[in-house]
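Summary of structural features
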Amino acid sequence: MKVKSIIIGIIFASLILGCETKDSIHGLSAYKNLDSLAVFAPELAVKGNTYKGSFSDDYTHFYYFKKSDSVSEKYIPYQSHFKNNHWNAGTGMPYYDKAQSYTYQLNIPSSDLHIFISNLRTTQDTTAHPNYNFWSVLTPNGNWESPKELGPHDLVLNYNSQPCITRDGTIYFTSDTPDWRTTLSYKMDFVNGTYQEPTLFEPVNHWRENKDWIVYEYVMAPDKSYLIVCIQKKNGQKRLNTDLYISYPKNEKWTFPKPLGFSVNTSETENFPYITPDSKHLIFTRAFSQFYIVPIKQLLTTK
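Everything quoted here is computed from the prediction, not taken from an experiment.

This part covers empty space enclosed by the protein. Which parts of space are left empty comes out when a probe the size of a water molecule is rolled across the atoms. Within this structure, the stated rule accounts for 2 cavities of 30 Å³ or more. There is about 40 Å³ of room inside the largest cavity. Together, Lys52, Gly53, Ser54, Tyr104, Gln105, Leu106, Pro163 and Tyr274 line the largest cavity. Residue contributions to the lining of the largest cavity peak at 3 residues, all from strand β7 (residues 102-107). Counted by class, the lining of the largest cavity contains 4 nonpolar, 3 polar and 1 charged residues. Approximately 30 Å³ is the volume attributed to the second largest cavity. Considering the residues around the second largest cavity, the lining is formed by Thr122, Asn133, Phe134, Glu149, Gly151, Pro152, His153 and Val156.

Okay, the packing of aromatic side chains next. Overall, the coordinates contain 39 aromatic pairs when judged by the stated rule. Arranged with centres 5.8 Å apart and planes meeting at 45°, the rings of Tyr95 and Tyr102 form a pair that is tilted. Tyr102 carries the same exposure label as Tyr95, and that label is buried. By relative accessible area, which is 8% here, Tyr95 ends up buried. In textbook terms, an aromatic cluster arises when at least three aromatic residues are bridged by ring pairs, as seen for Tyr31, Phe40, Phe55, Tyr59, Phe62, Tyr64, Tyr78, Phe82, Trp87, Tyr274 and Phe291. For Lys66, the ring lying beneath its charged end belongs to Tyr78, and the centroid distance is 4.8 Å.

All right, on to the environment of Leu244 then. In this fold, Leu244 is placed in strand β19 (residues 242-247). Residues Leu244 and Asn265 lie 21 residues apart in sequence; the distance between their C-alpha atoms is 6.6 Å.

Attention now goes to the layout of surface pockets. Space inside the largest pocket adds up to approximately 540 Å³. Contributing to the lining of the largest pocket are 22 residues, with Tyr104, Tyr159, Ser161, Gln162 and Phe272 lying nearest its centre. The set of elements that each furnish at least two residues to the lining of the largest pocket consists of β7, β11 (159-165), β12 (171-176), β17 (213-220) and β23 (270-275). Element by element, the count of residues in the lining of the largest pocket is highest for β11, at 3 residues.

The buried fraction of strand β8 (residues 113-118) amounts to 6 of the 6 residues, a majority that puts the element mostly inside the structure. Of the two faces of β8, the one holding Leu113, Ile115 and Ile117 and the one holding His114, Phe116 and Ser118 are both buried throughout. As judged from the 4 bridges shared by β7 and β8, these two strands associate in the antiparallel manner. Looking across to β8, one finds that Asn107 is bridged to His114. Pairing analysis gives 6 bridges linking β8 to strand β9 (residues 133-138), with the strands arranged antiparallel. Across the sheet, residue Ile117 finds its bridge partner in β9, namely Phe134.

For the chain, the average pLDDT comes to 89, and 90% of its residues sit at 70 or higher. Across the chain, element-level confidence peaks in strand β16 (residues 199-200) with a mean pLDDT of 98 and bottoms out in helix α1 (residues 2-18) with 36. Across residues 1-19, where pLDDT falls below 50, the model places 0 contacts with residues more than four positions away in sequence or in other chains.

This paragraph deals with the sheet that holds β12. Across the sheet, which stays open at both edges, the 4 strands sit in the order β11-β12-β13-β16 with antiparallel pairing between neighbours. Edge positions in the sheet fall to β11 and β16, since each of these pairs with one other strand and no more. As paired elements, strand β13 (residues 183-188) and β16 share 2 bridges and run antiparallel to each other. From the neighbouring strand, Tyr186 faces β16, where its bridge partner is Leu200.

Another aspect to go through is the sheet that holds β7. Taken in spatial order, the 4 strands of this open sheet run β7-β8-β9-β10, and their pairing is antiparallel. Each edge of the open sheet carries a strand with a single partner, namely β7 and β10 (148-151). Direction aside, the axes of adjacent strands within the sheet are offset by 35° on average.

For the coordinates displayed, the defined rule picks out 4 salt bridges. A salt bridge links Lys67 to Glu73, with the nearest nitrogen and oxygen atoms 3.1 Å apart.

Cut-offs applied
- Residues numbered from 1 in each chain as written.
- Predicted model: local features only at pLDDT ≥ 70, side-chain atom pairs only at ≥ 80, totals over all residues.
- Heavy atoms only, no water.
- 1 Å grid on protein atoms, 1.4 Å probe; cavity = no way out; pocket = protein on both sides within 12 Å on 5 of 7 lines; lining within 4 Å.
- Points joined across faces, edges and corners; volume = space filled by probe spheres on them.
- Helix = DSSP H or I, 4+ residues; strand = E, 2+ residues; numbered from the N terminus.
- Nonpolar A, V, L, I, M, F, W, Y, C, P; charged D, E, K, R; others polar.
- Phe/Tyr/Trp six-rings, centres within 6.5 Å; stacked < 30°, edge-to-face > 60°.
- Buried < 20%, exposed > 50% of the residue type's maximum accessible area, 1.4 Å probe, protein only.
- Lys NZ or Arg CZ within 6 Å of the ring centre and 35° of its normal.
- Pairing = 2+ DSSP bridges.
- pLDDT = per-residue confidence, 0-100.
- Contact = heavy atoms within 4.5 Å.
- Axes fitted to C-alpha atoms, helices over the stretch in contact; angles between N-to-C directions.
- Salt bridge = Lys/Arg side-chain N within 4 Å of Asp/Glu carboxyl O.

Spelled out as structure tokens, the structure:
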């Protein structure tokens, strides 16, 4: 009788866990069975002022940033909470200081570590105008501690941007030299709880040798099974715009990038790609004015 009760209890619990309750609804719930391109979080979009965003582990918070005004290059970091089936008005991050600029927030999966990029002055930077570097904030029990330098020290004078993170903790990002003449792709390995100095990620750098392309940022899939890169064609177009391309690892190399299908690319600029931690969706920005979301399974048909 006792064994029978346990079995019934297990079945009952499984049924409950298999159903999405009101408490478990989050920012991706509406896109669970998505099979086409769709607008994402229209509440958070601002025409001409919509940039890259990222999720918390439970998909109930969306981290993003916006320009403080139409003139300056100062950015404000925000977080929005998904409640009652919509994203609420974003609030400034606890570490925000109006004297500084903040971009590219990213939650380190399954940890209390939150990173961002800012022109906060690092200990090594003695220039008059510090550039954008990585910073980290610990959030134990939901309490935000003071920001600390994350690195990389070797690129402290560069403009660092567009980070993404894989399941093994590796951070991939883009870095521009202080004179803006050279853009290079890097990765930072996570070893024994510490991020190492960056090394060049040569596949994307190799594509920059194509004289007909301008290669911008890229995002690595969490499982490293593909990457998506932003490319602008220089020839044969009346209007220059950036599109999203996909590449796969094959025989220890990466395949030649192909433009994404499924109505992702248009005559407008598509950029700021972000792959959700569950690897099921791509979120990107079009014309710096709106977030879009598309299921990865649809994109993989372009392989």
